[in-house]
Amino acid sequence: DFEASFIRLIDKVTNGSRIEINQTGTTLYYQPGLLYGGSLEHDCSPSRSIGYYLESLLCLAPFMKHPLKIVLRGVTNDQVDPSVDVLKATALPLLKRFGIDGESLEIKINRRGMPPKGGGEVVFTCPLRKVLQPIQFTDPGKIKRIRGTAYSVRVSPQMANRMVESARSILNKFLPDIYIYTDHMKGVSSGKSPGFGMCLTAETINGTILSAELASNPQGQGTAVLPEELGQNCAKLLLEEVYRGGCVDSTNQSLALLLMTLGQRDVSKVLLGPLSPYTIEFLRHLRSFFQIMFKIETKNPEEEHMGGEKVLMTCVGTGFSNLSKTIR
Amino acid sequence: MEEKEKKKHRAKHSGPKAEKKRKRYLNDLGIGDEEDARKRNPKAFTVQSAVRMARTFHRTQDLKTKKHHIPVVDRTPLEPPPVVVVVMGPPKVGKSTLIRCLIKNFTRQKLVEIRGPVTIVSGKKRRLTIIECGCDINTMIDLAKVADLVLMLIDASFGFEMETFEFLNICQVHGFPKIMGVLTHLDTFKNNKQLKKTKKKLKHRFWTEVYPGAKLFYLSGMVHGEYQKQEIHNLGRFISVMKFRPLTWQTSHPYVLADRMEELTNPEEVRINPKCDRKISLYGYLRGAHLKNKSQVHMPGVGDFTVSDVGFLPDPCALPEQQKKRSLNEKEKLVYAPLSGVGGIVYDKDAVYIDLGGSHAHEKEEEEVRPNHQLVQSLISTHSAIDVKMASSKVSLFRDSRPIGSEDIGQGFVMPKEEREIDLKTGRVRRKAVFEEEEKENDDALSDEEDNQEEEAAAMSEDGSDEDDEGDAEEESDREEEMAVWRAKRLKTEVTKEQAMSELPAFADSDDDLEMSSEGEGKTDLEEDEVEEYDDEEEEEEQRTYENESSDSEFEAMSKRVAESKQCVIKSVDREIGSQISDHSQKRKAGLTTDSGNCTAEEASESEVENSSLDEGGDEEGSHDESDVEESNSKGSQYAQAKKADGVRRTKLKAVEADDDVENLLREEEEYEEKVDLSADTTGALKWKEDLTQKAAEAFLRQQRSTPNLRKLVYGTALEDEEHESEDAADELGGLFRVSRPDKASRQKANDLDCSKFLIEKPQDWDLEEVMSSIRDCFVTGKWEDDKDAAKLLEEDEELYGDFEDLETGVVHKGKPAAEGDESGSEEGEDGKMSKPEPEEEEKKKERMDKKRKLKEMFDAEYDEGDATYFDDLKEEMHKQAQLNRTEFEDQDDETRVQYEGFRPGMYIRIEIENVPCEFVLNFDPHYPVILGGLGNSEGNVGYVQLRLKKHRWYKKILKTRDPLILSLGWRRFQTIPMFYIEDHNGRHRLLKYTPQHMHCGAAFWGPITPQGTGFLAVQSVSGITPDFRIAATGVVLDLDKSITIVKKLKLTGFPFKIFKNTCFIKGMFNSALEVAKFEGAAIRTVSGIRGQIKKALRAPVGAFRATFEDKLLMSDIVFVRTWYPVSIPTFYNPVTSLLKPAGEKDSWSGMKTTGQLRHERGIKVKQNKDSLYKPIVREKRHFNKLHIPKALQKALPFKNKPKNLEKKGKTPKDQWRPAVIREPHEKKISALLSALSTVNNYKIRKAKVKHREQLKEYLKVKQKEDEQKFKRQKEAKKKIYRILGQREKKRQKSSLKGSSKGEKSM
């Protein structure tokens, strides 16, 4: 279901791809075409959140022929995938590190949609780049502020405030500079299903952004969640993330590694927290596709109270350049 | 003696000397011209115009910035590849002679025949690869792409030839390498003046082509068939100090100028089918960029291939080691040119070139080593470096002779190639292919053997783990046993295969026994508790042994003996002397008894036992004390430490927890942790031990965190692989079949949700103070590092700037007393002569140095800040990156490094390529360069490419659309069919039939994808020699758009068949109503220029439609609609395969012919359209109808304009006819007279008139004169009068003024 939707999205974004799926749906033949981009719209399947689609678009968008501007409709926040809020807060600053910046790099949440019915709308725009810059991103720095959003749709607006309250109670032990926005959507912009949730980001002095999020159970599934509990758990998740540390959020590890791989033929370095299984699998894919192997070194924080072990990833880029971008 | 009259001195009167003298003289007098005009008259030279000043400033700045290039990261490796020097010139100009002379100059060697590239060491840091380039355009194109320096030979006696210019243009297109001209044949000039003139002429022409001031070298003449030594020497010096600029294409692509080619095809296949595709290996220095294995390459003149394998070899023409000397030794002046047959003789001592003649003895040696390595490698596939090992071992594979190698090697290589699926939890690994292959090849017995080998492997690893207890002797002996077995096997080869097989099990058994015994010993010696610990350590040691193995396999490169002795030395450090002796004896035994492996094994095992017992006896207190044992282990010192810590912890734990079960569990966990993570932080481990229920999850987590084998975890493990080898063996049913179970891991993976979120299995309890404190310092509120802490920094600053005097108040601020005191203290210390301990002093010193450095840095920063520009910053950044690129992988050994960054330029590599057309091998001609150009991502694909193209100004014809054209683009040369187009103002790409004469146009073709901005050139044909300039067009790639639409104009014509006022019905334009519907609203036009629009289709004649016009049409009008028809680009891409041609015909490749050529060859004339032939124009006379005015209009007209209704009088009726007058003769006379008279009269009157007119003229003249005079007079009179009047007036005025003044005074 969502896979089919994803394939359709890829088809929209590219030009000249050949996709063949056999009748039973067991084999897929895909011949990639040119990444074309342009102004598009796509209805994502509500079985996965938009984050699932957006993640891959984030990888592809800088290498299109025309700047991408896409409207995605579906579930904005759910419990499985990284939500749009998190990607907005973490992935975009990461892309900026690689030289993909400018006015048009933006994720805009027009409407929120919670599972199971969705109804959210997100606009993603991304400029083009010919080559990516190598990065040296080995010092995460100290966390200077914590920001976040507590959203609630089709439920009492008080929910958001309750979440904020409880999250602050935990985080205040570490840092005074906390501000959590409450985002209560009404009417059309609130999607089709009720729900609430929260995402938190911790920003360091060096611009590293770590994030954590949690969403309520979708309507009619599971037991009801208390907003206080959710807020507390989310704050704890953030602390866990901080404990893992690294310069890149655990959800964006693979994105960072991919962009490093696609950079110029220079050495890129990045410090990560423990590698997630997804990232490990991703690294294997990178090796099979690009013949790129990362130098993986583990670093123990020198001091006692700096969280868990970190992994220093080093690689030489493949010298990828955007061939589809037109020059004049 | 008569004195000769001396010539008198004559002072100079002219010339610079005289001038100077005169000046001095005048100066002395004081009347000389003064100094500079600038000094004399400074005002004349000040700013006159601010605008101009601004402009000049602007201009200078412009010029300055123009010199800046965008800084690029310098990616040249530390040891660069040899510089490619292409010696180019028309035939018979002296290219080979020059190369020979250069080689002789650099290496003191004489090469008779030069084929292919010759690599020489020209200096301490520079090597050259010299290659000759003939005047075949294929060669020229290929070599221009790889050249760093071009020596362009010019026959001075002849002048420039077309080839020279062609080559220059080729170079220009593919990035401009350094070009140096060399004039030869200068001795043919008899006349010196003529020579000078020619030189100058040629030089200036050369300069206009290359750049003003380009170096042109003169080789004045030949001595004994060689150029003059001094001149060649100078030329060589020039070459070896030359600097090169990086060319974009070359730096972004890896490429190899192959200097050696070997065929690797199975001779059997060739025998069966002599035309089968071949497998070849090419050797050469890698240049440009990093090359990755399995990447795509293009071989110009052959085609695209995928590299099947790459390996690096020791440099055959290495730069000398670093030394202080100025010049090179004779020994270091190397030359390497395998295609010319040079270098082999020099290098047959080197292991790389054993396959050259006269090196059989060495080859044998190599063989001896091989089997053992194979075994070691195949059985103990070491830790993750196996992939690395593969590369090197593969290289050696083909050097190996076949009979021994085949089975072993097959086993050795299929295995590591296998895809390994690893469960993250259990680390279960399967390697199917190995066994299957064995099954195919061998009988059951052999598979048994394999089993045994497996067991052996397991045993070996366990043996390795026993080291702790019994010293290293065991492993050593084990290995020797193996060697012995293998040696035996090798000697007997196939004949004694079975025997060997039978031997092996025996050996394995003995090994098992041995192990048992050793363990038994361990048990007797140790308490049960500690046995468990041993197990732990066994596992640890396993890991270690793998490491050992890896190091061993590194040794493999060396000869076996050396390696052995080394191991022996290393391992026997802590061993007792007695055991050493026994070991040696045992070794000797093993070496001697090669014939019967069985016997050896037994003996070995016996000796082993002895040995171990000896060892144990010798060891202080056996292995009671764990730490002691560990200490005895010289290798694993760090492990020993870890274990110590471990031991301590364990004891602690014991104290804490009494429950045995718990303890056991704990220990298990610890084992696990240690296995994966030797340096895990103890606090964390402790903390997690509190929760026993979550073990599985934690294990997983810990694996995530585990340090040393993260790389293995990611890129396939070798370790876990081995661990479960034995399990795999157990799965086998009867040796032949295997239970094939899908991997648990893979199944799980397939069903898993692919989500990038990293879910936390078991969050830590963040309410606990302890846990909270673990991340306390991640926040700004936490503790900072020393050098960043604000408070600390402040303190330091105070120290630095502590002492200062406030000048205003006169208060002297003192720094911190403590610091002062310290300093004074240190002084005291110095004074007091060692009164203070040294380390403290040193610390002080260090501190001071630090301070100084900091100050200096600050000063530097301040000082430099002034003129640092954006450009400088950028440059600095690039420099930093380059530095990082160089240093990042510097400390790694080559094999690991190759994995990370690919093969780096400067390496001498060997590339294996499969499926090469047999013609390449059969028609191989070393005179033609073989180049391997690496392709970037997606550059191997074929697609639509758009170019900006301009016909070359020296090419005589213009190019026609749809004529095949040979392009040289990127690495490739290929024939394709370009379509020329031009972009209209509205962005439409309009097809052109021909290229414009002096203008750029677009071209689109179907061909290989090449990055934008790459230059290309086009030639019509590469075969033969045409007298004209061959390069037809040049240009650059603009775009790679698959959906480009080139359109050509299409006019549809129709004819009106019914005309109303401004509307008419038109037929013949379309064929159906549907077509019309498509064009509804389209603008149409008649030939006469009346514009209109298509309205709607009609029913009656099919395809007819109604249209409206701005005016009424005529039936004779032709109506047309202008449409654009998209043209499809023909998908024709034909690589020029000139290297596949037979020798001697390589320059005669001809692809698709143009239609023009075909017509010319076959004598076919074009059928001309009859309508386009010129005919005499016949114009019919146009007949206009009479003007007809309608009656109503007539009525309305005024009478004047009314057509007069004068009806033509018909014939006057007869009755109204007037009768003709017939004169009488008399009357005739009268009339004649009258007419004569009247004529005379008329004449008279005319005369009188003329006369009168004359008179009148005269009179008028006179009158005018009179008038003038009169006028004059009048004027004078008037003048007089006016003057008088004026005077009078003046007088009056004067008087009145006077009067007034008087009046004033009187007043």
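Residues numbered from 1 in each chain as written. Chains lettered and ligands numbered in written order. Predicted model: local features only at pLDDT ≥ 70, side-chain atom pairs only at ≥ 80, totals over all residues. Heavy atoms only, no water.

Under an unreviewed UniProt entry, the name given to chain A is RNA 3'-terminal phosphate cyclase-like, and the organism recorded is Cuculus canorus. We quote the UniProt Sequence similarities (unreviewed entry) comment for chain A here in full: "Belongs to the RNA 3'-terminal cyclase family. Type 2 subfamily." (UniProt positions renumbered as here; feature names shortened; annotations may be inferred.)

Caption draft 1: Highlighting the overall build of chain B. Looking only at helices and strands, chain B features 42 helices and 35 strands. Expressed as a percentage of contacts within chain B between residues at least 6 apart in sequence, the contacts between residues at least 24 apart total 73%. Carbon and sulfur atoms make up 54% of the accessible area of chain B, which totals about 77,600 Å². (Helix = DSSP H or I, 4+ residues; strand = E, 2+ residues; numbered from the N terminus. Contact = heavy atoms within 4.5 Å. Areas by Shrake-Rupley, 256 points an atom, 1.4 Å probe, with all protein chains shown as cover.)

Caption draft 2: Molecular detail of the environment of R126 of chain B. Residue and element names in this part refer to chain B. Note that R126 resides in the loop between β2 (118-121) and β3 (127-133). On a C-alpha basis, the gap between R126 and P82 in space is 6.7 Å, while along the polypeptide they are 44 residues apart. For R126, the residues in contact, after removing those within four places along its chain, are V83, V121, I239, S240, V241, M242, F244 and L319. Among the polar contacts listed, one links the side chain of R126 to the backbone oxygen of M242, at a separation of 2.9 Å. (Polar contact = N/O pair within 3.5 Å; in protein donor to acceptor, adjacent residues only side chain to side chain.)

Caption draft 3: How the structure looks around the side chain of T318 of chain A. Residue placement: T318 of chain A occurs in the segment after β16 (310-316). Discounting residues that sit within four places of it in the chain, T318 of chain A has contacts with T261, L262, G263, Q264, R265, F290 and I292 of chain A.

Caption draft 4: Examining a negative patch on the surface more closely. Residue and element names in this part refer to chain B. Where like charges cluster on the molecular surface, the negative patch consists of D872, D873, E876 and E877. With respect to the helices and strands, the residue E877 is situated in helix α36 (residues 870-888). Residue classification places E877 among the exposed residues on the basis of a relative accessible area of 54%. (Patch = residues over 30% accessible without salt bridge, like charges linked within 9 Å, V, L, I, M, F, W, Y side chains within 5 Å. Salt bridge = Lys/Arg side-chain N within 4 Å of Asp/Glu carboxyl O. Lys, Arg positive; Asp, Glu negative; His and termini not counted. Charge placed at Lys NZ, Arg CZ, Asp CG, Glu CD. Buried < 20%, exposed > 50% of the residue type's maximum accessible area, 1.4 Å probe, protein only.)

Caption draft 5: View of the nonpolar core. Membership of the largest hydrophobic core comes to 70 residues, with the highest contact counts inside it found for F124, V270, F294 and M313 of chain A. At seven residues, the largest contribution of residues to this core is made by helix α2 (residues 50-60) of chain A. Counting only domains with at least three residues in this core, you end up with domain 1 (1-126) and domain 3 (248-316) of chain A. With residues up to four places along the chain from it excluded, the contact list for M313 of chain A reads L257, M260, S268, K269, V270, L272, L275, L283, F294, K295 and I296 of chain A. Listed in part, the 48 residues of the second largest apolar core include V150, A156, L195 and V1022 of chain B. (Core = buried A, V, L, I, M, F, W, Y, C linked by side-chain atoms within 4.5 Å. Domains from an automatic or database assignment.)

Caption draft 6: Structural view of the confidence of the model for chain B. All names here are of chain B. For chain B, the mean per-residue pLDDT works out to 71, and 60% of the residues sit at or above 70. The secondary-structure element of chain B with the lowest mean pLDDT is helix α14 (residues 402-417), recorded at 32, while strand β33 (residues 1105-1109) shows the highest, at 95. Segment residues 717-750: pLDDT under 50, and 72 contacts once partners within four positions in sequence are set aside and those in other chains are kept. ipTM for the predicted complex: 0.87, alongside a pTM of 0.64. (pLDDT = per-residue confidence, 0-100.)

Caption draft 7: Inspection of the state of the cysteines at higher detail. Enumeration over the complete set of coordinates arrives at zero disulfides over all chains. Its sulfur unpaired, C276 of chain B is 7.2 Å from the next cysteine sulfur, which belongs to C918 of chain B. (Disulfide = S-S within 2.5 Å.)

Caption draft 8: Examining the packing of aromatic side chains more closely. For the structure on display, the rule yields 24 aromatic pairs over all chains. Aromatic side chains F2 of chain A and Y52 of chain A sit 5.3 Å apart centroid to centroid with 90 degrees between the ring planes, which places their arrangement in the edge-to-face category. Here Y52 of chain A lies in helix α2 and F2 of chain A lies in helix α1 (residues 2-13), a separation of 50 residues in the sequence. As far as the burial class goes, F2 of chain A and Y52 of chain A line up, both buried. A ring pair is formed by Y179 of chain A and Y181 of chain A, whose centres lie 4.8 Å apart and whose planes are at 75 degrees; its orientation type is edge-to-face. Note on Y181 of chain A: relative accessible area 44%, which makes it partly exposed. Among the aromatic residues, those joined into a ring-pair cluster are F2, F6, Y52 and Y53 of chain A. Sitting over the face of the ring of F1120 of chain B, K1051 of chain B holds its NZ or CZ atom 4.7 Å from the ring centroid. (Phe/Tyr/Trp six-rings, centres within 6.5 Å; stacked < 30°, edge-to-face > 60°. Lys NZ or Arg CZ within 6 Å of the ring centre and 35° of its normal.)

Caption draft 9: Region of interest: the pattern of salt bridges. All names here are of chain A. If you walk through the whole model with that rule in mind, you get 36 salt bridges over all chains. Notably, a salt bridge pairs D183 with R112, separated by 2.9 Å at the nearest N-O pair. Here D183, found in strand β11 (residues 178-185), pairs with R112, found in the loop between β7 (106-111) and β8 (120-126); they are 71 residues apart in sequence, far enough to count as distant. What makes R112 buried here is its relative accessible area of 2%.

Caption draft 10: Looking closely at the environment of M64 of chain A. Residues and elements named next belong to chain A. Relative to the assigned elements, M64 resides in the loop between α2 and β6 (66-74). With 29 residues separating them in the primary sequence, M64 and L35 have C-alpha atoms 4.8 Å apart. Discounting residues that sit within four places of it in the chain, M64 has contacts with V13, L35, Y36, G37, L128, N322, S324 and K325.

Caption draft 11: Representation of the environment of H42 of chain A. Residues and elements named next belong to chain A. The topology assignment puts H42 in strand β5 (residues 37-43). In this structure H42 comes out as buried when scored by relative accessible area, which is 3%. A sequence separation of 30 residues divides H42 from K12, and the C-alpha atoms of the two residues are 8.3 Å apart. Of note is the side chain of H42, whose polar atom sits 3.1 Å from the side chain of K12.

Caption draft 12: Representation of the sheet that holds β6 of chain A in the model. Residue and element names in this part refer to chain A. The mixed open sheet is built from four strands, whose spatial order is β5-β6-β8-β7. Only two strands of the sheet have a single neighbouring strand rather than two, namely β5 and β7. Neighbour-to-neighbour, the strand axes of this sheet turn through a mean angle of 10 degrees, independent of strand direction. Its contacts with the sheet place α1 against β5 and β6, and it is angled at close to 160 degrees to β5. Strands in contact with helix α3 (residues 84-97) are β7 and β8; relative to β7, the strand with the most contacts, it is inclined by about 165 degrees. (Pairing = 2+ DSSP bridges. Axes fitted to C-alpha atoms, helices over the stretch in contact; angles between N-to-C directions.)

Caption draft 13: View of a nonpolar patch on the surface. Residues and elements named next belong to chain B. Taken together, the side chains of I1230, L1233, L1234 and L1237 present a nonpolar region at the surface, about 400 Å² in accessible area. Note that L1234 resides in helix α42 (residues 1225-1306). Classification of L1234 by relative accessible area gives exposed; the value is 54%.

Caption draft 14: Geometry of the pairing of strand β5 (residues 178-184) of chain B. Residues and elements named next belong to chain B. Counting buried residues in β5 gives six out of seven residues, a clear majority hidden from the surface. Pairing analysis gives seven bridges linking strand β4 (residues 149-155) to β5, with the strands arranged parallel. If you follow L153 over to β5, its bridge partner there is V182. The β-α-β motif built from β4, the intervening helix α6 (residues 162-173) and the parallel element β5 has right-handed crossover chirality. Sheet topology places β5 next to strand β6 (residues 216-218); three bridges connect them, and they run parallel. Residue pairing across strands places G181 opposite L216, the latter belonging to β6. (Right-handed = clockwise from strand over helix to strand, strands pointing away.)

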